[in-house]
Amino acid sequence: MAEILVLARDSQQPNGALRHKSYRRGDIVTIQDDGHAWGRMEGTPTFYKLRVSGPKAAIAVYDQNARDDALVTLRRRRFGLDMSQITLAELAQLDAGETLAMSDVRFRALVIDHVPTARARRDD
Amino acid sequence: MPTTVTSTIAPSGGDYTTITAWEAAKQGDLVSADQIQVGQLSGFTSGLNERLIDIDGSTTDATRYIELKLATPHAGVWQDANMIYYDDVGGSNYILKNNDQYVRLTGLLFRMGYGGATNGESACLVAGDGIAAGGSDIRAIGCIAKKLSTSAGSGSLYGLTVTDVHATVAIVNCLSYDWTQGSGIGIYIITAATASLYNNTTAANDVGVQRDAGTVVVKNHLAQDTDGYNGTFSASSDNNLSEIAADCPGTNADDSITVTFANEGSDDYHLNDTQAALTGADLSADGTFAFSTDIDGDTRTAWRKGIDDGASAAAQPIGALAGQIGGAGLPRLAGFRGGLAGFVKVGNIYRPKRWLWLPPGLAPQGA
């Protein structure tokens, strides 16, 4: 099992020129061991918390930044949840500050790799 | 007047449990918000195991900036408590990278190990590769960076690194040592707009300070490395010291000087040395970065090179020192268990493991 901290809102950075560096709603921020004692501010309204089945090592790859081959930031977080696929019931649970438990299969199905779109946008 | 917003980063009972979560929550326009965002590390008794920490994407200026520090400052000596460490960072990576324009890294401790062969791992990228143009003021003050002693890879490791052409950086009172893996470097300026390296100590590194590009001014630096200084530094560099010959950049060079530290084997790089070559320049009115304290926070009076201004007086017997402490109606220095006479020095701080308060006239018993 692992616990995951996800951004619940977009960054408070309004500068569009810094958009590629800004956190977005759904971005995966940190991945911790099951039972992690989260801080007072690691919850709503800034963060959502998930508990995912399976070993932490298997999903630890999802907390990285998106960088190109020259290590330049393409997007602040490479992986995020597709919030449009979160059910209303799940969203209500998250908004209430509860930890949402799900299987690793469900979690992986929700994860989006933002690198292809970030790279394509930069190449426009 | 900006509002200072202080958050605690702690394993339990704090606001955040990782620097990454703190930074994600605070990322924003600090200038419009008129805020200084301060993150304070505390409670990590064995350190904080975190890597690929980015400080990036916030709007800052000279008075509205980001600061990361320890809630309780270190004592100028390595401690595991509240260090930030990662013991196998992986290829071309780092523990912490700053890409914002106005940031202060104050008294942080970094320890890195790496078992691979890829060159280019840095414990702390004081300024990374994405500093925006238009000015910056990035400070690493009183930080300590060291290589994990058991690190066994062949890839080059670096302590404190600057690698952005827009970065104006001050690295002051910092200690970087034991970077011997691959071609290890204590403080590495790959490129910068201006880097002011003042009163730092590098020791037991393959290279103490290396400059590849940018204007790099080194003053009052104490290097005890295989190669103290590598590269071409600004001609305004001044009052540097090296253990090897024909090494120091700038004027008033003190080459071929071996310095005695308090206890290098125990990572204590305070001075236990009073030789004249240690005396540097007074930078309290420096035009680029003026300061007046050492790594311990003590006011610099002797302006000795490196991180520590202490050890400015010869050892005094304990009896003579005790005579300076206390007095009628005041607490008295009752004494130390044997063997300290001759080691106690004016200017050093001694922290007792316990205090024993006695009323006047009552002798200590069994202490």
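Let me begin by describing the structure that accompanies this report. (Residues numbered from 1 in each chain as written. Chains lettered and ligands numbered in written order. Predicted model: local features only at pLDDT ≥ 70, side-chain atom pairs only at ≥ 80, totals over all residues. Heavy atoms only, no water.)

1. Overview of the overall build of chain B
Along chain B, the regular secondary structure elements total three helices and 25 strands. Carbon and sulfur atoms make up 50% of the accessible area of chain B, which totals about 14200 Å². (Helix = DSSP H or I, 4+ residues; strand = E, 2+ residues; numbered from the N terminus. Areas by Shrake-Rupley, 256 points an atom, 1.4 Å probe, with all protein chains shown as cover.)

2. Describing the state of the cysteines
Residues and elements named next belong to chain B. Under the defined criterion, the tally for this structure stands at zero disulfides over all chains. The thiol of Cys124 is unpaired, and the distance to the nearest cysteine sulfur, on Cys143, comes to 6.5 Å. Using a relative accessible area of 1% as the deciding quantity, one classes Cys124 as buried. Sulfur of Cys248: no disulfide; nearest cysteine sulfur belongs to Cys174 and is 19 Å away. (Disulfide = S-S within 2.5 Å. Buried < 20%, exposed > 50% of the residue type's maximum accessible area, 1.4 Å probe, protein only.)

3. With respect to helix 1 (residues 19-26) of chain B
Within helix 1 of chain B, eight of the eight residues are buried, which leaves it mostly tucked inside the rest of the structure. Of all the residues in helix 1 of chain B, the buried ones are B:Ile19, B:Thr20, B:Ala21, B:Trp22, B:Glu23, B:Ala24, B:Ala25 and B:Lys26.

4. Examining the sheet that holds strand 11 (residues 137-141) of chain B
In any sheet, the strands associate via hydrogen bonds between backbone groups, in a parallel or an antiparallel arrangement. Residue and element names in this part refer to chain B. Ordered by their spatial adjacency, eight strands build an open sheet running 1-2-5-8-11-14-17-20, and the pairing between neighbours is parallel. If you trace the sheet from one side to the other, it starts and ends with strand 1 (3-9) and strand 20 (215-219), each paired once. If you compare each strand with its neighbour and ignore which way they point, the axes differ by 10° on average. Sheet topology places strand 1 next to strand 2 (residues 35-41); seven bridges connect them, and they run parallel. (Pairing = 2+ DSSP bridges. Axes fitted to C-alpha atoms, helices over the stretch in contact; angles between N-to-C directions.)

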